[in-house]
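What follows is the residue order along each chain.
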Amino acid sequence: MRNALFYGSGVALVTPFSRGKIDLRAFENLIDWQIEMMTDAIIILGTTGEPSTITAPERAALVECAVSTVSGRVPLLVGAGANNTRTAVEYAIEAQALGADGLLVVTPYYNKANRAGLIEHFHAIADSVEIPIIAYNVPSRTGMNMPPEVVAELLKHPMVRGIKEASGDIRQMNRLAALCPGAALYAGNDDQTYTMMSLGARGVISVVANILPTAMHDMAASYLRGDIELSREMQFALLDIADALFAEVSPIPVKAALGMMGKIQNELRLPLAPLDATRREKLRAALEEWDLLTDLEV
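Within any chain, residue numbers begin from 1 and follow the written order of that chain's sequence. Residue-level local features of this predicted model are given only where pLDDT is at least 70; pairs of side-chain atoms are given and counted only at 80 or more, and the full residue set underlies all totals for whole chains, interfaces and linings. For the side-chain quantities, the full set of heavy atoms in the structure was used; hydrogens and water were omitted.

- Per an unreviewed UniProt entry, the chain carries the name 4-hydroxy-tetrahydrodipicolinate synthase and comes from Candidatus Pullichristensenella stercorigallinarum.
- UniProt positions are given in the numbering used here, feature names are shortened, and annotations may be inferred rather than shown by experiment. For the chain, the Catalytic activity (unreviewed entry) comment in UniProt is given as "L-aspartate 4-semialdehyde + pyruvate = (2S,4S)-4-hydroxy-2,3,4,5-tetrahydrodipicolinate + H2O + H(+)".
- What the UniProt record of the chain gives under Sequence similarities (unreviewed entry) is the line "Belongs to the DapA family."

Okay, structure coming up:
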């Protein structure tokens, strides 16, 4: 089986905004901090990065900035998903040209393609580039589920190197692992990282890593080196903070958390709106338990 793009915890990084514009300085600082804190891969323009609100010039600027800032220290994956296959191909080609190490490609949302359409969609993207692809299944966001049988077919393509599985369905996870032995599987839900790794996953593409990069790295690394008891204990310890970060549509809570930590402005683009007061206080309490609050809240 082909090598995985990375092992461990890859952060599904937020896109920081300030006064309606992308805050590239904050973006650079986030990337540097993530790498310093042992994150194993940087993933930009995934769901957590609000890609549907990013313009074409902004997308290019983000990728260029990320490539320059990461500077080969860890793998950099760029989200290249779209519900228009031509657009996804354009995103993929651009990301490759700008220096991305790989792509994260979500299923085509809204259209709800049939099985043949799904395969042709991913093949069109994979045929257009020479960098590896991780397919991304997240039915709660896209309105469609990618069956394990389709994933198994996609993995036959030399450029499709893995799958981020975020269905939340343990039966599907088991079926996926059974049909794709040795494949580079990644957990797409933070609270199921240990479960997925017990089925053979290489790690997680994580939202929680935005605020706890070292803890997520350590949990995955513990499992990979064979200390499964420690990994399970860490998974249990992270459940409450994961719940707090998904108390509202992501990335609303994680951006609020990063604001409380003084890392970014707590700014989203419509149609997303800030966290309500009740959930915000619960999130603050969860952050306080991890000693993540700062006097530098922005």
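Now that the structure is up, let's keep going.
### Quick word on the sheet that holds strand β9 (residues 184-187)
- Note on pairing: two strands pair once DSSP finds at least 2 bridges between them. Labels follow the DSSP assignment, with helices taken as runs of H or I lasting at least four residues and strands as runs of E lasting at least two, numbered in each case from the N terminus. Reading around the circumference, β1-β4-β5-β6-β7-β8-β9-β10 is the order of the 8 strands in this closed barrel, with parallel pairing throughout. Here the strands of the sheet are splayed against their neighbours by 25 degrees on average, with no regard to which way each runs.
- Bridge count between β9 and strand β10 (residues 203-206): 2 bridges; the pairing is parallel. Across the sheet, the residue bridging to tyrosine 186 is glycine 203, located in β10.
- It only takes one pair of heavy atoms within 4.5 Å for two residues to be counted as in contact. Orientation is described by lines fitted to C-alpha atoms, with helices fitted over the stretch in contact, and by angles between N-to-C directions that extend from 0 to 180 degrees. Together, β4 (41-44) and β5 (76-79) form the strand contacts of helix α2 (residues 56-70), whose direction differs from that of β5 by roughly 170 degrees.
- Across the sheet, helix α7 (residues 170-179) is in contact with β7 (133-137), β8 (160-165) and β9; its angle to β8 comes to roughly 165 degrees.

### A few points about a negative patch on the surface
- Like-charged residues within 9 Å of one another, or nonpolar side chains (Val, Leu, Ile, Met, Phe, Trp, Tyr) within 5 Å, are grouped into patches, provided each residue has over 30% relative accessible area and no salt bridge. Here the accessible surface of atoms and residues is derived via Shrake-Rupley with a 1.4 Å probe, and residues count as covered only by protein chains that are part of the display. Salt bridges are identified by distance alone: a Lys or Arg side-chain nitrogen within 4 Å of an Asp or Glu carboxyl oxygen. Only four residue types enter the tally: Lys and Arg on the positive side, Asp and Glu on the negative side; His and the chain ends are excluded. Each charge is placed at NZ for Lys, CZ for Arg, CG for Asp and CD for Glu. On the surface, a cluster of negative charge is made up of Asp191, Asp240, Asp243, Glu288, Glu289 and Asp291.
- Take aspartate 243: it is sitting in helix α10 (residues 228-245).

### Description of the packing of helix α11 (residues 252-260) against helix α12 (residues 277-289)
- Contact geometry of α11 with α12 gives a least axis separation of 10 Å together with a crossing angle of 55 degrees. One element, α11, and the other, α12, form an angle in the oblique class. Handedness of the α11/α12 crossing: right-handed. Residues Pro253, Ala256, Ala257 and Met260 of α11 form the contact with α12, whose own contacting residues are Arg280, Leu283, Arg284 and Leu287. An angle below 35 degrees is treated as roughly parallel, one above 145 as roughly antiparallel, one from 65 to 115 as roughly perpendicular, and anything else as oblique. Crossing handedness is defined as follows: a turn of the near helix away from the far one that is anticlockwise and smaller than a right angle gives a left-handed crossing, while the clockwise case is right-handed.

### What about the UniProt feature "site: Part of a proton relay during catalysis" (unreviewed entry) in the chain?
- Per the UniProt record, "site: Part of a proton relay during catalysis" (unreviewed entry) is annotated on Thr47 and Tyr110.
- On the secondary structure map, threonine 47 appears in the loop between β4 and α2.
- With a 1.4 Å probe rolled over the protein chains alone, any residue whose accessible area is under 20% of its type maximum counts as buried; one over 50% counts as exposed, and the rest are partly exposed. Look at threonine 47 and you get partly exposed, because its relative accessible area is 22%.
- Beyond its immediate sequence surroundings of up to four residues, threonine 47 is in contact with Tyr136, Arg141 and Pro251.
- Mapping tyrosine 110 onto the fold places it in the loop between β6 (102-106) and α4 (115-127).
- Among all residues touching tyrosine 110, those that are not within four sequence positions of it are Asn83 and Thr142.

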